[in-house]
Amino acid sequence: MLDIPRLRVLRAVVASGSIRASAAALGYTPSAVSQQITTLQRETGLQLFERSGRGIEPTEAGRTLAAEAEALFEAFSRVEQVVSELRAGRVGRLSIGYFGSAGSTWLAPTVAALRTEFPGLRLDLMLTEFTPGDPDIDIFVEETGAEHPGSVVVHRLAEDPYLAVVRLDDPLAGLPEVPLAALAERHWVDNDLREGPCRQVLLNACTQAGFSPSFVVETHDYRTAMSFVATGIGLTVVPELGIDELPDGLTTVALAAPSPVRHLSLAVKKPIAEHPAARRAVELLESLVRTGKTLVS
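Parameters and conventions
Residues numbered from 1 in each chain as written. Predicted model: local features only at pLDDT ≥ 70, side-chain atom pairs only at ≥ 80, totals over all residues. Heavy atoms only, no water. Helix = DSSP H or I, 4+ residues; strand = E, 2+ residues; numbered from the N terminus. Rg over C-alpha atoms; globule rule 2.2 N^0.38 Å. Buried < 20%, exposed > 50% of the residue type's maximum accessible area, 1.4 Å probe, protein only. Contact = heavy atoms within 4.5 Å. Areas by Shrake-Rupley, 256 points an atom, 1.4 Å probe, with all protein chains shown as cover. Lys, Arg positive; Asp, Glu negative; His and termini not counted. Charge placed at Lys NZ, Arg CZ, Asp CG, Glu CD. Axes fitted to C-alpha atoms, helices over the stretch in contact; angles between N-to-C directions. Parallel < 35°, antiparallel > 145°, perpendicular 65-115°, else oblique. Left-handed = near helix turned anticlockwise from the far one by under 90°. Nonpolar A, V, L, I, M, F, W, Y, C, P; charged D, E, K, R; others polar. Expected span 1.5 Å × (residues − 1). Bend = angle between axes of the 7 residues up to and from the residue. Polar contact = N/O pair within 3.5 Å; in protein donor to acceptor, adjacent residues only side chain to side chain. pLDDT = per-residue confidence, 0-100. Pairing = 2+ DSSP bridges. Core = buried A, V, L, I, M, F, W, Y, C linked by side-chain atoms within 4.5 Å.

Novice: Sorry if this is basic, but what is going on with the overall build of the chain here?
Specialist: Looking only at helices and strands, one finds eight helices and 12 strands in the chain. Computed over the C-alpha atoms, the radius of gyration of the chain is 33 Å, more than 25% above the 19 Å expected from 2.2 N^0.38 for a compact globule of 297 residues. The principal-axis extent of the C-alpha atoms belonging to the chain is close to 105 × 35 × 30 Å. Within the chain, the fraction of its 297 residues that count as buried is 41%. Residue pairs at least 24 apart in sequence account for 76% of intrachain contacts in the chain once pairs closer than 6 positions are excluded. Of the accessible surface of the chain, which amounts to about 15900 Å², a share of 52% is contributed by carbon and sulfur atoms. Charge separation in the chain, taken as the distance between the mean sites of 27 positive and 37 negative side-chain charges, equals 12 Å.

Novice: What am I meant to see in the packing of helix α1 (residues 4–16) against helix α2 (residues 19–26) here?
Specialist: Two measures define how a pair of helices packs: the angle their axes make with one another and the distance between the axes. The N-to-C vectors of α1 and α2 enclose an angle of 125°; their axes lie 8 Å apart at closest approach. As far as their axial angle goes, α2 and α1 are oblique. Here α1 runs over α2; the crossing is right-handed. When α1 is examined against α2, the residues Val-9, Ala-12, Val-13 and Ser-16 are found in contact with a partner set consisting of Ala-21, Ser-22 and Leu-26. When its residues are assigned to classes, the contact of α1 with α2 shows five nonpolar, two polar and no charged.

Novice: Just to check I follow, could you spell out helix α5 (residues 100–117) for this structure?
Specialist: Since there are 3.6 residues in each turn of an α-helix, residues three or four apart along the chain are aligned in direction. Taking 1.5 Å of rise per residue, the 18 residues of α5 would be expected to cover 26 Å, and the 25 Å separating its terminal C-alpha atoms lies within 8% of that figure. At Trp-106, α5 shows its maximal kink, close to 50°; a proline, Pro-109, follows between one and four residues later. Taken together, the buried positions of α5 are occupied by Ser-101, Ala-102, Gly-103, Trp-106, Leu-107, Thr-110, Val-111, Ala-113 and Leu-114.

Novice: What's the story with the environment of Tyr-28 in this structure? I'm lost.
Specialist: The topology assignment puts Tyr-28 in the loop between α2 and α3 (30–44). Judged by relative accessible area, which is 39%, Tyr-28 ranks as partly exposed. Spatially, the C-alpha atoms of Tyr-28 and Val-9 are 9.6 Å apart, while their sequence positions differ by 19 residues.

Novice: Help me understand the environment of Glu-60 in this model?
Specialist: Here Glu-60 is to be found in helix α4 (residues 60–88). For Glu-60, a relative accessible area of 54% puts it in the exposed group. As a C-alpha pair, Glu-60 and Val-154 span 94 residues in sequence and 62 Å in three-dimensional space. A distance of 3.3 Å separates a polar atom in the side chain of Glu-60 from a polar atom in the side chain of Arg-63.

Novice: Explanation requested: the confidence of the model for the chain in the structure shown.
Specialist: Per-residue confidence for the chain gives a mean pLDDT of 90, with 96% of residues at or over 70. Note on residues 293–297: pLDDT under 50 across the span, and 15 contacts to partners over four residues away in sequence or across chains.

Novice: So what exactly am I meant to see when it comes to the pairing of strand β12 (residues 261–269) here?
Specialist: Residues in a regular strand project their side chains so that they alternate between the two faces of the sheet. Pairing geometry for strand β5 (residues 137–141) and β12, over five bridges, is antiparallel. Bridge pairing links Phe-140 to Ser-265 in β12. Where strand β6 (residues 152–167) lies against β12, nine bridges are found, and the strand directions are antiparallel. In the sheet register, Arg-156 faces β12, and the bridge partner there is Ser-265.

Novice: What am I meant to see in the nonpolar core here?
Specialist: Nonpolar side chains in soluble globular proteins tend to be buried together. Core analysis: the largest hydrophobic core is formed by 49 residues, its most contacted members being Trp-106, Ile-139, Leu-183 and Val-237. Ranked by the residues each element gives to this core, the list is headed by helix α8 (residues 276–290), at seven residues. Excluding its chain neighbours within four sequence positions, the residues that come into contact with Val-237 are Tyr-162, Leu-163, Ala-164, Leu-183, Trp-188, Asn-191, Leu-202 and Leu-255. Leu-7, Phe-49, Ile-56 and Ala-69 belong to the second-largest nonpolar core, a separate cluster that totals 15 residues.

Quick look at the structure:
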């Protein structure tokens, strides 16, 4: 197998026409260059140079081999550039998992900033709330009692309290807060698609308050549930992050005794935790939470 450093020496000697000049350019001694050329001739079985007066001249074989090696060094240079870009986080791939309300609130500004700062980076976005996956970075809702695998670094992002969404003409409207038990006899509009951690946080709080919610309408997202509340069918209870802008005619009321709260976290796979783009994604998300008007990190 041909040795790349020796081919590099061959190319330098052919280009400069001098062992001494090529040695100076490469940072070698003239004797080291001569040894490299001698070894390359032995490996290839070719005479690459011949004497010409007090110097040397490349043979046709030497010129041909040096010329053919140019494509190799161009390709090698591109590989080195890719390595440098990967180390700087400017190319490659990063997958980010998210759940619905986090995606609508935090994902767009995070992706926009990453695209600007790392233009060669491919971003794969995964709605893991409904389609489980194994993303490099995952924004998720903590499950009660669940332990994190040792393969990830977890950052706590925020505590997201649940609020009752009611009509402006509801007796609860305008109150600073209401005991959760006060909703026991009310009609509820469901707003979750599955039995996940978000629903469980709310059901656990209702159990502590001594009742089970009376769902009269089943919807699968917060926005649709709030549109039903506007008709007067019932109230719905939604995490603050999921509310965004309330439809006209609705307001929110804080809940107490107990106050349902979901914990939002960020998991980063350890092998990519120090990747510049991954670190920047974490910084951006933490900054969005810190500067948010409604969530407390």
